[in-house]
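These are the residues of each chain, in order.
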Amino acid sequence: MNLQQRPRRLRSCDTIRRMTRETRVSPDSLIYPLFVMEGTGIVEPIPSLEGQFRYSPDRVCEEIETCVRAGVRSVMLFGLPSRKDCRGSAAYDPDGVVQQAIRAIKGKYPDFYVVTDVCMCEYTDHGHCGILRGREVDNDETVAVLAKIAVSHAQAGADMVAPSDMMDGRIAAIRAALDENGFQNVLIMSYSAKYASAFYGPFRDAAGSAPAFGDRKGYQMDPHNRKEAMKECLLDAAEGADILMVKPALSYLDIIRETSQAVTLPMAAYSVSGEYAMIKAAGKAGLIDEHRVMCEIALSIFRAGANILITYYAKELAQAMRDGEIG
Ligand code: PBG
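Looking at the element boundaries, Gly-88 is found in the loop between strand E4 (74–80) and helix H3 (97–108). It is 4.4 Å that separates the C-alpha atoms of Gly-88 and Tyr-123, two residues lying 35 residues apart in sequence.

Here it is in structure tokens:
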């Protein structure tokens, strides 16, 4: 055949394939979600998330050491308090579980980057992400509490706060509260386009944060919507967010693509608990090659336009990147 173009030439050996890759990935772009639990001496496997553990603050540094060795430089902390109430007050306790964990990590690894999830669902006895008025979450009252939580995380030494509640106006309120308290340099990564998703199931078991009644559709986004994601992203950017996030990742690659093109801020994607659990389960059943599927999915999220990936596979991915399996 007389062909002008033979695309296969660019696929003819490993060297040329690597040379011409369009997507580059690095362990620097990974954030590892980590569950910290009130108490002492705890390293406890999480049944719904095989391979993941809950740590008490006195033992969390063991996991940080593992991250450092794997090449992961950042974690996002989720807290499991020992007491819950209707106002989620343990979330802004200066001696709360996340605050203790931040101090423990920063005491031993001052350069390790600590992001905190800012939300109330793990701290409220009703499991909703805010203060209830009747059966509804009251937006404005909740925003005031979220700002308090963010400040208390900053006071404990967090580098970045990540509000995951989906209340309106929370980014502006958190930015103002951080600034008033002298935390101009603490970053905000907003869960901007967070959908009301069935993919959070294993997380809610892991964090004990399932709502006691109803669902989160009154604050998290409807999966049917695309333009609304853009609206949320543009609002959060205008309110002062430093990084925006789309969540979940795998079923929302179109949203990652569009939002990353529409805003000038770095874009994060959260590959959530249900995504991890599906790969694990299918791998365990011998239906797929867990490692290769993990790599391919992570790669597709970056190819869609994400700059940062939050994933329970962060350590394994960092290793795969260092080994040149993806990169
Ligand atoms: C807290 C929060 C959730 C997740 C992150 N932050 C749960 C939820 O919204 O119900 C989910 C993370 C995951 O599934 O891995 N609001």
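So much for the structure itself; the text now carries on.
Time to look at helix H5 (residues 170–180). Owing to its 3.6 residues per turn, the α-helix aligns residues three or four sequence positions apart on the same side. Listed in full, the buried residues belonging to H5 are Arg-170, Ile-171, Ile-174, Arg-175, Ala-177 and Leu-178. Seen from one end, H5 has its buried residues packed into an arc of 165°, which puts them on one side.

Attention now moves to the site of the ligand. For the ligand, the set of nearby residues contains 19 residues, the closest of which are Lys-194, Arg-204, Lys-247, Ser-273 and Tyr-312. Within the contact set of the ligand, a nitrogen atom lies 3.4 Å away from a side-chain nitrogen or oxygen of Asp-117. Lys-194 has a polar side-chain atom sitting 2.7 Å from an oxygen atom of the ligand. For the ligand, the protein covers 100% of the area, taking 400 Å² as the surface of the free molecule. Going through the elements one at a time, strand E9 (187–194) and helix H6 (201–207) are the ones with two or more residues in the shell around the ligand. Each residue belonging to the shell around the ligand can be placed in one class, and the counts come to 11 nonpolar, 3 polar and 5 charged.

The subject of this paragraph is the packing of helix H4 (residues 139–156) against H5. Each pair of packed helices can be summarised by the angle the axes make with each other and by the distance between the axes. Running from N to C, H4 and H5 cross one another at 45°; their axes reach a closest spacing of 9 Å. The angle between H4 and H5 places the two elements in the oblique class. The chirality of how H4 crosses H5 is right-handed. Counted together, Val-143, Leu-146, Ala-147, Ala-150, Val-151 and Ala-154 of H4 and Arg-170, Ala-173, Ile-174, Ala-177 and Leu-178 of H5 form the full contact between these two elements. Classifying every residue of the contact of H4 with H5 by side-chain character gives 10 nonpolar, no polar and 1 charged.

Our focus in this paragraph is the pairing of strand E8 (residues 160–163). Here E8 shows a buried face lined by Met-160 and Ala-162 and a second buried face lined by Val-161 and Pro-163. In the sheet, strand E5 (residues 113–118) pairs with E8 via 4 bridges, with the strands oriented parallel. Residue Thr-116 lies in a different strand from E8, and its bridge partner there is Val-161. As paired elements, E8 and E9 share 2 bridges and run parallel to each other.

Look at helix H9 (residues 273–284): 16 Å from first C-alpha to last across 12 residues, which is about the 16 Å you get at 1.5 Å a residue. The set of residues buried in H9 consists of Ser-273, Gly-274, Glu-275, Tyr-276, Ile-279, Lys-280, Ala-282 and Gly-283. Of the residues flanking the end of H9, it is Gly-286, one or two places downstream, whose phi is positive at about 75°.

Turning to the pattern of salt bridges, a few remarks are in order. Throughout the structure, instances matching the rule amount to 21 salt bridges. Between Asp-14 and Arg-17 there is a salt bridge, and its shortest N-O distance comes to 3.9 Å. Highlighted residues: Asp-14 and Arg-17, both in helix H1 (residues 14–19), separated by 3 residues, approximately one helical turn. Exposure remark for Asp-14: the relative accessible area of 39% places this residue in the partly exposed category.

With that settled, consider unusual backbone geometry. With an omega of -10°, the peptide bond running from Lys-247 to Pro-248 counts as cis. The topology assignment puts Pro-248 in the loop between strand E10 (243–247) and helix H8 (253–262).

Our next topic: the pairing of E5. Here E5 lies mainly inside the structure; 5 of its 6 residues are buried. With 4 bridges connecting them, E4 and E5 associate as parallel partners. Opposite Ser-74, over in E5, you have Tyr-113 as the bridge partner. As a crossover connection, the stretch from E4 through H3 into E5 is right-handed.

What follows concerns the packing of H3 against H4. Orientation of H3 relative to H4, taken along the N-to-C sense of each, is 25°, at an axis distance of 8 Å. In terms of orientation, H3 and H4 fall into the roughly parallel class. Handedness of the crossing formed by H3 with H4: right-handed. Counting all contacts with H3, which are made through Val-98, Gln-99, Ile-102 and Arg-103, the residues of H4 involved are Ser-152, His-153 and Ala-156. Partitioned by chemical class, the residues of the contact of H3 with H4 number 3 nonpolar, 3 polar and 1 charged.

In this section: the environment of Arg-17. Under the relative-accessibility criterion, Arg-17 is labelled partly exposed at 38%. Side-chain polar atoms of Arg-17 contact the backbone oxygen of Arg-11, separated by 2.8 Å.

Attention now goes to the side chain of Asp-117. Mapped onto the elements, Asp-117 comes out in strand E5. The buried charged residue Asp-117 lacks any salt bridge partner; its closest oppositely charged side chain belongs to Lys-247, at an N-O distance of 5.8 Å. In this structure the side chain of Asp-117 is engaged in a polar contact, spanning 2.7 Å, whose partner is the side chain of Tyr-191. Residue contacts for Asp-117: discarding those within four places in its chain leaves Met-76, Leu-77, Phe-78, Glu-122, His-153, Ala-162, Ser-164 and Tyr-191.

Criteria and cut-off values
Residues numbered from 1 in each chain as written. Predicted model: local features only at pLDDT ≥ 70, side-chain atom pairs only at ≥ 80, totals over all residues. Heavy atoms only, no water. Helix = DSSP H or I, 4+ residues; strand = E, 2+ residues; numbered from the N terminus. Buried < 20%, exposed > 50% of the residue type's maximum accessible area, 1.4 Å probe, protein only. Arc of directions from axis to C-beta. Near = heavy atom within 4 Å. Polar contact = N/O pair within 3.5 Å; in protein donor to acceptor, adjacent residues only side chain to side chain. Areas by Shrake-Rupley, 256 points an atom, 1.4 Å probe, with all protein chains shown as cover. Nonpolar A, V, L, I, M, F, W, Y, C, P; charged D, E, K, R; others polar. Axes fitted to C-alpha atoms, helices over the stretch in contact; angles between N-to-C directions. Parallel < 35°, antiparallel > 145°, perpendicular 65-115°, else oblique. Left-handed = near helix turned anticlockwise from the far one by under 90°. Contact = heavy atoms within 4.5 Å. Pairing = 2+ DSSP bridges. Expected span 1.5 Å × (residues − 1). Salt bridge = Lys/Arg side-chain N within 4 Å of Asp/Glu carboxyl O. Right-handed = clockwise from strand over helix to strand, strands pointing away. Lys, Arg positive; Asp, Glu negative; His and termini not counted.

The values reported here are purely geometric and, on their own, carry no functional implication.
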